[in-house]
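Analysis of the macromolecular model
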Amino acid sequence: MKAVVHEVYGPPEVLRVAELDRPVPGPDEVLIQVHAAGVDPGVWHATAGLPYLLRLTPFRLRRGAARVRGMDVAGRVEAVGAQVTGVSPGDTVFGSCDGSFAEYVCARPERLAHLPAGLDFAHAAVVAVSGCTALQALRDTGRLRAGQSVLVLGAAGGVGAFAVQVAKALGAGWVTAVCGPGQEAFVRALGADEALDYTRDEPADRDRRYDVVLDIAGHRPLTGLRRVLAPGGTVVMVGAGTDGRWLGGLDRQLRGLLLSLLGGRRRPKRFRMLFSTQRAADLRQLADLIAAGRLTPPVARCFSLTAVPQALRRLREGGLQGKIAIVVREEA
Ligand SMILES: NC(=O)c1ccc[n+]([C@@H]2O[C@H](COP(=O)([O-])OP(=O)(O)OC[C@H]3O[C@@H](n4cnc5c(N)ncnc54)[C@H](OP(=O)(O)O)[C@@H]3O)[C@@H](O)[C@H]2O)c1
């Protein structure tokens, strides 16, 4: 099979297409014939090996061993291990795994869900990482309740375009979407009540206060984020907010946790970090929203498997509306 392999840290061009043996699923795994894969900043970080902290995590390269990159996946189940239940050969699924930039990949069923009716593979392939992040940030970490107000910083990107839609679907009373110049119409079409341009408008200078702030593409002083919070509100620190080469902004997130302690008991303001995961139950919740027409997976552009380096470069240029999908197999 064809796969995009990674052998040394570096720019996107270090990724190359190679011929590999088709993987064999273990007893608790599913073999997927990949139709499409999603691209997110995590793939760029893993390829570059930046921040250096990443080289201590499971995403690292191991000495002498090539890795297939790609996490988001959508495709058709080719085979299932003996212990797998709930998924059968021929089923169409989406979710996350390790190595989706390939014609076949093994995945664990607890990170998969069935494709909602009517959804094509390219759109399904952008859901898992960004959609689960948005859902967990709002519902679990942010504890969003119906009628509350939400500020989404980075609303036109991968996580943000899901977050605006999911916030409205969870019953948010008001969503302010902060995006790049020229993206306002896009985020309003996703359901935002108002759109602000991050090059012109500063939420901290306005009177509106928010119950939940999603800091997806930070770059803002933490004190300003604290100022826009309503009493009892939560800043969910999703993105690192800097390109720090060593810690990738983890230090900023730790400073946020410290700031929480200064809120006082009577007017508490919380900063919380998020480490999202992809779970079948959350994927099913997102699939239900898609099937009900309340969530549209935002595909900005499609690239082929051989063009993964160009896709990563395009992601880094910015200005996308949603996510990039890699089309691995054209639909019949
Ligand atoms: N905590 C977790 O579990 C988790 C999970 C997934 C992702 N993440 C992280 O979350 C971050 C965002 O991921 P993503 O997939 O959404 O990336 P993305 O698709 O690149 O989107 C980032 C968005 O932020 C916008 N932006 C840039 N500067 C901004 C500013 N000063 N104010 C407001 N918006 C600004 C960008 O707009 P322009 O392109 O127009 O400049 C872009 O639309 C990344 O750091 C990623 O690693 C964390």
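This one's a predicted model, so the numbers in the text were calculated from it and none came from an experiment. (Residues numbered from 1 in each chain as written. Predicted model: local features only at pLDDT ≥ 70, side-chain atom pairs only at ≥ 80, totals over all residues. Heavy atoms only, no water.)

The next subject is the pattern of salt bridges. Applying the stated criterion to the full structure yields 21 salt bridges. One salt bridge connects Asp 98 with Arg 67, and the closest N-O pair in it is separated by 2.8 Å. A residue pair is termed long-range when its members are at least 10 positions apart, and Asp 98 in the loop between strand S6 (92–96) and strand S7 (104–107) and Arg 67 in strand S4 (residues 67–68) qualify at 31 residues. Overall, Arg 67 belongs to the buried group, its relative accessible area being 14%. Residues Arg 220 and Glu 202 are paired through a salt bridge, measuring 3.3 Å at the closest nitrogen-oxygen approach. Of this pair, Arg 220 sits in the loop between strand S12 (210–215) and helix H6 (222–227) while Glu 202 sits in the loop between strand S11 (194–197) and S12, and the two are 18 residues apart along the sequence. (Salt bridge = Lys/Arg side-chain N within 4 Å of Asp/Glu carboxyl O. Helix = DSSP H or I, 4+ residues; strand = E, 2+ residues; numbered from the N terminus. Buried < 20%, exposed > 50% of the residue type's maximum accessible area, 1.4 Å probe, protein only.)

Quick look at the site of the ligand now. Inspection of the region around the ligand gives 23 residues, with Gly 158, Tyr 198, Leu 274, Ser 276 and Gly 319 positioned closest. At 2.9 Å from an oxygen atom of the ligand is found a main-chain nitrogen or oxygen belonging to Val 159. For the ligand, a nitrogen atom lies 3.1 Å from a polar atom in the side chain of Arg 220. Burial of the ligand by the protein amounts to 79% of the accessible area it has alone, namely 930 Å². The two domains that each donate at least three residues to the shell around the ligand are domain 1 (2–127 + 297–327) and domain 2 (129–273). (Near = heavy atom within 4 Å. Polar contact = N/O pair within 3.5 Å; in protein donor to acceptor, adjacent residues only side chain to side chain. Areas by Shrake-Rupley, 256 points an atom, 1.4 Å probe, with all protein chains shown as cover. Domains from an automatic or database assignment.)

A surface patch of nonpolar side chains, about 460 Å² in accessible area, is lined by Leu 53, Leu 56, Trp 246 and Leu 247. On the secondary structure map, Leu 56 appears in the loop between helix H1 (41–48) and S4. (Patch = residues over 30% accessible without salt bridge, like charges linked within 9 Å, V, L, I, M, F, W, Y side chains within 5 Å.)

A word on helix H4 (residues 158–169). An ideal rise of 1.5 Å per residue puts 16 Å on 12 residues; H4 measures up with 17 Å between its terminal C-alpha atoms. Counting buried positions over the 12 residues of H4 gives 11, a clear majority of the element. Gly 158, Val 159, Gly 160, Ala 161, Phe 162, Ala 163, Val 164, Gln 165, Val 166, Ala 167 and Ala 169 are the residues of H4 that are buried. (Expected span 1.5 Å × (residues − 1).)

To continue, consider the domain arrangement of the protein. Per the domain assignment, the segments making up the protein are domain 1 (2–127 + 297–327) and domain 2 (129–273). A separation of 27 Å is found between the C-alpha centroids of domain 1 and domain 2. Contacts between domain 1 and domain 2 engage 17 residues on the former and 19 residues on the latter. Both faces combined, the contact of domain 1 with domain 2 buries some 1,400 Å², and carbon together with sulfur accounts for 58% of it. It is Tyr 52, Pro 298 and Gln 321 that lose the most area in domain 1 upon contact with domain 2, and together they represent 34% of the buried surface on that side. The tally of links between domain 1 and domain 2 comes to 0 salt bridges. The interface formed by domain 1 and domain 2 holds 8 residue pairs in polar contact (both at pLDDT 80 or more) in total. (Contact = heavy atoms within 4.5 Å. Buried area = accessible area lost by both parts, 1.4 Å probe.)

This structure, assessed with the given rule, holds 0 aromatic pairs. Across from the ring centre of Trp 44, 3.5 Å away, lies the NZ or CZ of Arg 316, which sits over that ring. (Phe/Tyr/Trp six-rings, centres within 6.5 Å; stacked < 30°, edge-to-face > 60°. Lys NZ or Arg CZ within 6 Å of the ring centre and 35° of its normal.)

Ordered in space as S2-S1-S4, the 3 strands form an open sheet in which the pairing is antiparallel. Looking at the sheet topology across the chains shown, the edges are occupied by strand S2 (16–19) and S4. (Pairing = 2+ DSSP bridges.)

Our next topic: the sheet that holds S11. Note on sheets: strands pair through backbone hydrogen bonds, and any given pair is parallel or antiparallel. With respect to topology, 6 strands assemble into an open sheet ordered S11-S10-S9-S12-S13-S14, the strand pairing being parallel. Each edge of the open sheet is held by one strand with a lone partner, namely S11 and strand S14 (270–273). Direction aside, neighbouring strands of the sheet carry axes that sit 15° apart on average. Note that strand S13 (residues 229–237) and S14 share 4 bridges and pair parallel. Residue pairing in the sheet places Val 235 in a bridge with Phe 271 of S14. Running over the sheet, H4 touches strand S9 (149–153), strand S10 (174–179) and S12 and is turned about 170° from S10. Its contacts with the sheet put helix H7 (residues 250–260) on S12, S13 and S14, and the angle it makes with S14 is roughly 145°. (Axes fitted to C-alpha atoms, helices over the stretch in contact; angles between N-to-C directions.)

With respect to the helices, strands and loops of the structure, Asp 215 is situated in strand S12. Residues Asp 215 and Ala 137, spaced 78 residues apart in sequence, show a C-alpha to C-alpha distance of 9.9 Å. Those residues in contact with Asp 215 that sit more than four places away from it in its chain are Leu 153, Leu 225, Val 235, Val 236, Met 237, Val 238, Gly 239 and Arg 252.

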